[in-house]
There are 6 protein chains.
Amino acid sequence: MPYVNIKITKEGATPEKKAELIRGVTDLLVRVLGKNPATTVVVIEEVETDNWGIGGETVTARRKKGL
Amino acid sequence: MPYVNIKITKEGATPEKKAELIRGVTDLLVRVLGKNPATTVVVIEEVETDNWGIGGETVTARRKKGL
Amino acid sequence: MPYVNIKITKEGATPEKKAELIRGVTDLLVRVLGKNPATTVVVIEEVETDNWGIGGETVTARRKKGL
Amino acid sequence: MPYVNIKITKEGATPEKKAELIRGVTDLLVRVLGKNPATTVVVIEEVETDNWGIGGETVTARRKKGL
Amino acid sequence: MPYVNIKITKEGATPEKKAELIRGVTDLLVRVLGKNPATTVVVIEEVETDNWGIGGETVTARRKKGL
Amino acid sequence: MPYVNIKITKEGATPEKKAELIRGVTDLLVRVLGKNPATTVVVIEEVETDNWGIGGETVTARRKKGL
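Treat the numbers as computed from the prediction; the structure is a model and nothing was measured.

Visitor: Before we move on, can you summarise the packing of helix 1 (residues 15–33) of chain D against helix 1 (residues 15–33) of chain F with the specific residues and values?
Guide: Running from N to C, helix 1 of chain D and helix 1 of chain F cross one another at 160 degrees; their axes reach a closest spacing of 10 Å. Classified by the angle their axes make, helix 1 of chain D and helix 1 of chain F are roughly antiparallel. Considering only the axes of helix 1 of chain D and helix 1 of chain F, their crossing is right-handed. In this structure, helix 1 of chain D uses Lys17, Glu20, Leu21, Gly24, Val25, Leu28, Leu29, Val32 and Leu33 of chain D to contact helix 1 of chain F, whose residues at the interface are Lys17, Glu20, Leu21, Gly24, Val25, Leu28, Leu29, Val32 and Leu33 of chain F. Of the residues assigned to the contact of helix 1 of chain D with helix 1 of chain F, the class counts are 12 nonpolar, two polar and four charged.

Dropping the structure here:
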């Protein structure tokens, strides 16, 4: 019954990609730890680039520099 | 001074229902653990059904199957 | 299929109290929002008083002042 | 490589203020704990006032009372 | 630069299994979403069975019933 | 009434350092966003190096390589 929370920047992940991610993480927990998929919850949160910081600056600022 | 985070799928919870949930959880923490309501924080997060997975598939996919 | 995370200071909540809290929060989500209890997950995290701050000071410091 | 999650009510924080917050928290972790800024992640989440409760009521209700 | 938080019950996951999980989740984010592994953070939290509830009861209670 | 969660690896942060961090983050939220310190909550979580991954490997493995 694991709970997985994935935070990514909101930069266009499609519903198909998100479904693939959910399936992949669930399979991994079944394979590596023997968890029950029926009660494995995966929640994806997409965060605006203005609200995500790394290295002390926002991803918005980094994207402008081509990072 | 507890902190409670409630994640639910975004499927139409009204402001009244959310206020009722906040009141109920706060009362519960006061009654069961003797916590101070004045510093009890409850944050509700509503997550798109595309971004919530259980049993390895998205809630969007499950809703289409009538689950 | 809600997910609830409750953070409290580690100050002696018994297993019975924690079980009561889990039952109470689950019932509340069923009653207020019509959620399915079978897939409702509640995780309680107990945090050392040195690691919890409110009003800019640790709970350890507050407890010493009788707060 | 710390990870910091800041939740605030959605009440008009500008991109500039959020960038300042990200810079400030990162600097603090470098100064106080000697952490590496390059792998320090700060995520800000802005929550609707209907979804944030304190003292058993929503911030929306509190704002109406002038609190 | 995703951030992934995995919560599981504390029931004996070995360091090797946890390392495998970290590697697997990171690879998945690279493969599915094209994320940079160097800034992908995965944090595993192991929660006592007394503190994890599903279906309104603790995992401790469920384990006693053979669930 | 912000809520801040800081996750760091468990590598010897003293109570004094943690108190300094709590004070610093609270001051920052007051100064930058005009938040009320009395209801600002800061929770620090210290995570075992076996349970923290970056770049696809655990911090335990990285420390052995002198990273």
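Having put the structure on the table, let's press on.
Visitor: I'd like a description of the interface of chain E and chain A, backed by residues and values.
Guide: Tallying the contact residues gives 26 residues for chain E and 26 residues for chain A. Here chain E and chain A share an interface that buries about 2300 Å² over both sides, 75% of which is from carbon and sulfur atoms. Here chain E is connected to chain A by zero salt bridges. Applying the counting rule to chain E against chain A returns five residue pairs in polar contact (both at pLDDT 80 or more). The set of elements that each furnish at least two residues to the side of chain E that touches chain A consists of strand 1 (3–9), helix 1 (15–33), strand 3 (52–54) and helix 2 (59–64) of chain E. A breakdown of the residues in the side of chain E that touches chain A according to their chemical character gives 16 nonpolar, four polar and six charged. Two elements, strand 1 (residues 3–9) of chain A and strand 1 of chain E, share five bridges in a ladder whose sense is antiparallel. Each bridged residue has a counterpart across the sheet, and for Tyr3 of chain A the counterpart in strand 1 of chain E is Lys7 of chain E.

Visitor: How would you explain the interface of chain E and chain F if you had to name every residue and give the values?
Guide: Between chain E and chain F, the residue contacts involve 17 residues of the former and 12 residues of the latter. Interface of chain E and chain F: buried area, both sides summed, is about 1100 Å²; carbon and sulfur atoms make up 55% of it. For the interface between chain E and chain F, the tally reads one salt bridge. With a shortest N-O distance of 2.8 Å, Lys7 of chain F and Glu45 of chain E are connected by a salt bridge. Taken together, chain E and chain F are joined by seven residue pairs in polar contact (both at pLDDT 80 or more). Secondary-structure elements contributing two or more residues to the side of chain E that touches chain F are strand 1, helix 1 and strand 2 (41–47) of chain E. Looking at the side of chain E that touches chain F residue by residue, the class counts come to 10 nonpolar, three polar and four charged. Strand direction decides the pairing type here: strand 2 of chain E and strand 3 (residues 52–54) of chain F, joined by three bridges, are antiparallel. Considered in strand 3 of chain F, the bridge of Val41 of chain E is made with Ile54 of chain F.

Visitor: Tell me about the relation of the copies chain E and chain A, residues and numbers included.
Guide: Mapping chain E onto chain A leaves a residual RMSD of 0.0 Å; the transformation is a rotation of 180 degrees accompanied by 0.0 Å of translation along its axis. The two molecules are tied by a two-fold rotation axis, judged by turn and shift. By C-alpha distance to the rotation axis, the residue of chain E lying nearest is Asn5 of chain E, at 2.6 Å. Both copies contact each other with a shared surface, as 100% of the interface residues of chain E are interface residues in chain A too.

Visitor: An account of the environment of Glu48 of chain E is needed here, citing residue identities and associated values.
Guide: Residues and elements named next belong to chain E. Examined against the element boundaries, Glu48 turns out to sit in the loop between strand 2 and strand 3. Given the relative accessible area of 44%, Glu48 is considered partly exposed. As for Glu48 and Glu16, which are separated by 32 residues in sequence, their C-alpha atoms are 20 Å apart.

Visitor: Mind laying out the pattern of salt bridges, listing which residues take part and the relevant values?
Guide: Throughout the structure, instances matching the rule amount to 36 salt bridges over all chains. One salt bridge in this structure joins Arg62 of chain D and Glu57 of chain D, with 3.9 Å as the shortest N-O distance. Among the ionic contacts, a cluster of salt bridges with common partners joins Lys7 and Glu45 of chain A, Lys7 and Glu45 of chain B together with Lys7 and Glu45 of chain D.

Conventions we followed
- Residues numbered from 1 in each chain as written.
- Chains lettered and ligands numbered in written order.
- Predicted model: local features only at pLDDT ≥ 70, side-chain atom pairs only at ≥ 80, totals over all residues.
- Heavy atoms only, no water.
- Axes fitted to C-alpha atoms, helices over the stretch in contact; angles between N-to-C directions.
- Helix = DSSP H or I, 4+ residues; strand = E, 2+ residues; numbered from the N terminus.
- Parallel < 35°, antiparallel > 145°, perpendicular 65-115°, else oblique.
- Left-handed = near helix turned anticlockwise from the far one by under 90°.
- Contact = heavy atoms within 4.5 Å.
- Nonpolar A, V, L, I, M, F, W, Y, C, P; charged D, E, K, R; others polar.
- Buried area = accessible area lost by both parts, 1.4 Å probe.
- Salt bridge = Lys/Arg side-chain N within 4 Å of Asp/Glu carboxyl O.
- Polar contact = N/O pair within 3.5 Å; in protein donor to acceptor, adjacent residues only side chain to side chain.
- Pairing = 2+ DSSP bridges.
- Least-squares fit on C-alpha atoms with pLDDT ≥ 70 in both.
- Buried < 20%, exposed > 50% of the residue type's maximum accessible area, 1.4 Å probe, protein only.

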